Amino acid sequence: MSAGPRKDPVAVEAEVREKIHLEILKRTGAYHANDHVLLPSGQHTTEYIEKTLVTMEPSFTEGLGAVIAKHFAQWPVDVVLSTGPGALILSHCVARAHPSRPVVIYGTKGLSGGKRRVSLPVEFQRLIRPSSKVLLVEDLVSTGSTLNLLINLVEQLGAQIVGVGCLWRRTSVELSGRAVFSLVSRDFPTYDPDACPLCKKGVPLNEEFVRRRHARKPSSVQEPKAP
Ligand SMILES: [Zn+2]
């Protein structure tokens, strides 16, 4: 049933390709290594990807999108489905480079009764039909929960998943046997603060990414009113 590719070329070549892609991500400024980072979850880690910076350089994004498209070029694709507006630039680049000239749409994430859910904007719903072949695109796959929800959604509509293409995938992630192609497959350890080896060494904690998030919350707009 899964139509995706399994066979990678020579392992060495794959390793070299991954290094190149990692280097490209570094050059966008999105990839932080050898750091001591506070994650939004409260855990600490040594590596971090700033999602918003990943697609800042159009030529890099186009190049990376073309690599994903090439990987899936031998399978017909009607629809490239971005996991959300965030991965839309990359999805566009994948669709642009795919020989089937697929359309690009995106899902939306939300909460319903405390449960995470995904849906398709009404305008897009008619584009996924029982015969449709759908390629899912995500920027970073960490838990895979959004992708799994989208896979269910697409299959409920009777359409077929060609595969999943992404920039970065944590190696431990499993997507129920789907063909996943990632430019970089890399896991990095996360630590509870009280068990973090970097804290024990006294390495200063980089809270930049978490603080920036909090700054966007409306609750922080509680400045004293001007008299
Ligand atoms: Zn730490």
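Residues numbered from 1 in each chain as written. Predicted model: local features only at pLDDT ≥ 70, side-chain atom pairs only at ≥ 80, totals over all residues. Heavy atoms only, no water.

Caption draft 1: Up close: the coordination of the zinc ion. Listed as protein donors to the zinc ion are His36 (NE2), His44 (ND1), Cys196 (SG) and Cys199 (SG); their distances from the metal cover 2.1 to 2.3 Å. Mapped onto the sequence, the residues coordinating the zinc ion show the spacing H-x7-H-x151-C-x2-C. Judged by its relative accessible area of 31%, Cys199 falls in the partly exposed class. (Donors = N, O, S within 2.8 Å, 3.2 Å for Na, K, Ca; no water. Buried < 20%, exposed > 50% of the residue type's maximum accessible area, 1.4 Å probe, protein only.)

Caption draft 2: Examining the nonpolar core more closely. Residues Leu25, Leu167 and Trp168 are the most contacted members of the largest nonpolar core, which totals 26 residues. Of all the secondary-structure elements, those providing two or more residues to this core are helix 1 (11–27), helix 3 (58–71), helix 4 (88–97), strand 9 (133–141), strand 10 (160–169) and strand 11 (180–185). Setting aside chain neighbours within four positions, we find Leu167 in contact with Leu25, Val54, Leu64, Leu90, Glu138, Asp139, Ser182, Leu183 and Val184. Membership of the second largest hydrophobic core comes to 22 residues, among which are Val79, Val118, Phe124 and Val134. (Core = buried A, V, L, I, M, F, W, Y, C linked by side-chain atoms within 4.5 Å. Helix = DSSP H or I, 4+ residues; strand = E, 2+ residues; numbered from the N terminus. Contact = heavy atoms within 4.5 Å.)

Caption draft 3: Inspection of the pairing of strand 6 (residues 103–106) at higher detail. Here four bridges tie strand 5 (residues 79–82) to strand 6, and the two strands are oriented parallel to one another. Residue pairing for strand 6: Ser82 is matched across the bridge by Tyr106. Where the polypeptide runs from strand 5 across helix 4 and back to strand 6, its parallel neighbour, the crossover connection is right-handed. (Pairing = 2+ DSSP bridges. Right-handed = clockwise from strand over helix to strand, strands pointing away.)

Caption draft 4: Looking closely at unusual backbone geometry. The phi torsion at Asn34 lies on the positive side, around 50 degrees, for a residue other than glycine. One can find Asn34 in the loop between strand 1 (31–32) and strand 2 (37–38). Taking relative accessible area as the criterion, Asn34 reaches 78% and is therefore assigned exposed. Despite not being glycine, Arg101 has its phi angle at roughly 50 degrees, a positive value. Mapped onto the elements, Arg101 comes out in the loop between helix 4 and strand 6. For Arg101, a relative accessible area of 67% gives the class exposed.

Caption draft 5: Up close: the sheet that holds strand 12 (residues 190–191). Taken in spatial order, the three strands line up as 2-3-12 in an open sheet, and their pairing is antiparallel. The open sheet terminates on both sides in strands that have one partner only, identified here as strand 2 and strand 12. Bridge count between strand 2 and strand 3 (residues 44–45): two bridges; the pairing is antiparallel. Along strand 3, the bridge assignment pairs Val37 with Thr45.

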